[in-house]
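Breakdown of the fold
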Amino acid sequence: MQGPLPQVTEHGGGVWSLRVPIPDNPLGHTLVHVLDTDRGPVLVDTGWDDPASWTELTGGLEALGLSVREVHGVVITHHHPDHHGLSGRVREESGAWIAMHAADTAVVRRTREADPGTWLEYLARKLAAAGAPEDHLAPLRAARTSGRMRTLPGLRSALPDREIVPGELLDLAGRRLRAIWTPGHTPGHVCLHLEEEHPSRLPGHGRLFSGDHLLPGISPHIGLYEDPDDAIETDPLGDYLDSLERVGRLGVAEVLPAHQHAFTDSAGRVRELLDHHEDRLTGLLGLLATPLTPWQLAERMEWNRPWEHIPYGSRNIAVSEAEAHVRRLVKLGRAEAVPGTDPVEFVAV
């Protein structure tokens, strides 16, 4: 039986978006953008590595009169599996190159080379240090013993063969696409500035493929950059806020994000997100009037549902986000660790 026709949106000026589904995910789909160049189509992201997603990606290209075998290159905004998942299969079918920022390429390489159990061990250790209760840690230890990690997404993601260099134009024949490094959601996230007049002559400077950095109705997850071997204390939320301001100054006419829909007022959306995080940091300072571990803080933070209804895996993400916010407060001198606490508690100062 034939499924629904692929959902393709034309954005003008040789740019289209394809809705590629993400299985069992409330986001629903990734918007894979197709950019026409003088050497053939280039994809911005590829979608999740799943048979239904592959069918939608290839069907969407066919609806444009293209074959996946014609794809000339793949530009990845960041390494997450709903963006980078199908890159390897596209390259196998077409011989296309894959480009990614070096910081995210390092994550892909580390993930490919590590024993799957290493990640579980590290995650259990991190969560214990954040104050997670024993009943939350037990399933991680059980999975470590049973080897159930081997099928999780991202373990065998394709290694890119080109590096996206911030500030430079990508080598795309007949197009001006400049890389803007926007760390925060991942250490190597990039937005891509199409420095060409808007096809509808909207006021502003070109268009921005924003990945997950700038979305019209969602604040992207900002958690800690996870590297078991890295002794450097990163500040992802600080990186994200700085990156937001940099993107806001571009003054683009339109934003083409990887989720939801295209939108115009990029500067207004940047202000909303900056205000959102400032409000959130202020709210966390109120919670930290009493010393709390990151886990206890996450339990008390406002999410899109009550803590008791947040699924197991999402709690890990929530705690990472709580830690990223606490780290920002510490770096700003507005909170500090309570000496001698184990697991460590933080308090407002």
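Described below are features of the structure shown in this document. (Residues numbered from 1 in each chain as written. Predicted model: local features only at pLDDT ≥ 70, side-chain atom pairs only at ≥ 80, totals over all residues. Heavy atoms only, no water.)

**A look at helix α4 (residues 102–113)**
Threshold: The secondary structure listing takes helices from DSSP runs of H or I that are at least 4 residues long and strands from runs of E that are at least 2 residues long, numbered from the N terminus. Under the convention used throughout, the expected extent of a helix is 1.5 Å for every residue step, that is, one less than its residue count. Per-residue accessibility, obtained with a 1.4 Å probe over protein chains only, is compared with the maximum for each type, and a residue is labelled buried under 20%, exposed over 50%, and partly exposed between these values. Arc, as used here, means the arc of the directions from the helix axis to the C-beta atoms. Whether two residues touch is decided by their heavy atoms; if any such pair falls within 4.5 Å, the residues are in contact.
Across its twelve residues, α4 extends 16 Å between first and last C-alpha, which sits within 8% of the 16 Å expected from 1.5 Å per residue. Regarding α4, the residues found buried are Asp104, Thr105, Val107 and Val108. Looking down the long axis of α4, one finds its buried residues gathered within 155° of arc, a one-sided arrangement. The elements touched by buried residues of α4 are α2 (81–84) and β6 (97–101).

**Topic: the nonpolar core**
How we decide: We define the nonpolar core as a collection of buried residues of types Ala, Val, Leu, Ile, Met, Phe, Trp, Tyr and Cys that are connected through side-chain atoms lying within 4.5 Å of one another.
Within the largest apolar cluster, 43 residues are counted, with the highest numbers of intra-cluster contacts made by Leu127, Leu214 and Leu297. If you list the elements that add at least two residues to this core, you get α5 (116–129), α6 (134–146), α7 (236–248), α8 (266–287), α9 (294–300) and α10 (312–331). In this structure, leucine 127 is in contact with Ala132, His136, Leu137, Leu140, Trp295, Asn316 and Val319, ignoring residues within four places of it in sequence. Judged by nonpolar contacts, the second largest core, of 21 residues, contains Leu57, Leu61, Val90 and Val108.

**Focus: the pairing of strand β11 (residues 254–257)**
Operational definition: Here the rule is simple: two strands pair whenever DSSP picks up at least two bridges between them.
Across the two faces of β11 the burial is the same, with Glu254 and Leu256 and Val255 and Pro257 all buried. Pairing of strand β10 (residues 207–211) with β11, which is carried by four bridges, proceeds in the parallel orientation. Following the sheet pairing, phenylalanine 209 is matched in β11 by leucine 256.

**Some words on unusual backbone geometry**
The omega torsion across aspartate 342 and proline 343 is 0°, close enough to zero to call that bond cis. Looking at the secondary structure, you find proline 343 in the loop between β12 (335–337) and β13 (346–348). The residue aspartate 24 is not glycine, and still its phi comes out positive at about 55°. In this structure, aspartate 24 sits in the loop between β2 (15–21) and β3 (29–35). Of note, arginine 201 is a non-glycine position whose phi angle comes to about 60°, a positive value.

**Re the sheet that holds strand β7 (residues 162–164)**
Let me state the cut-off plainly: Where helices are involved, their axes are fitted lines through C-alpha atoms of the stretch in contact, as for all axes, and angles between N-to-C directions lie from 0 to 180°.
Pairing is mixed across the open sheet formed by seven strands, whose spatial order is β1-β2-β3-β4-β5-β6-β7. Because the sheet does not close on itself, it has two edges, and the strands there are β1 (8–10) and β7. The average angle at which neighbouring strand axes cross in this sheet is 25°, direction not considered. Looking at chain direction, β1 and β2 are connected through three bridges and run antiparallel. Paired with threonine 9 across the two strands is serine 17, which belongs to β2. On the sheet, helix α1 (residues 51–63) packs against β1, β2, β3 and β4 (42–44) and is oriented at approximately 155° with respect to β2. Strands in contact with helix α3 (residues 87–94) are β4, β5 (73–75) and β6; relative to β6, the strand with the most contacts, it is inclined by about 150°.

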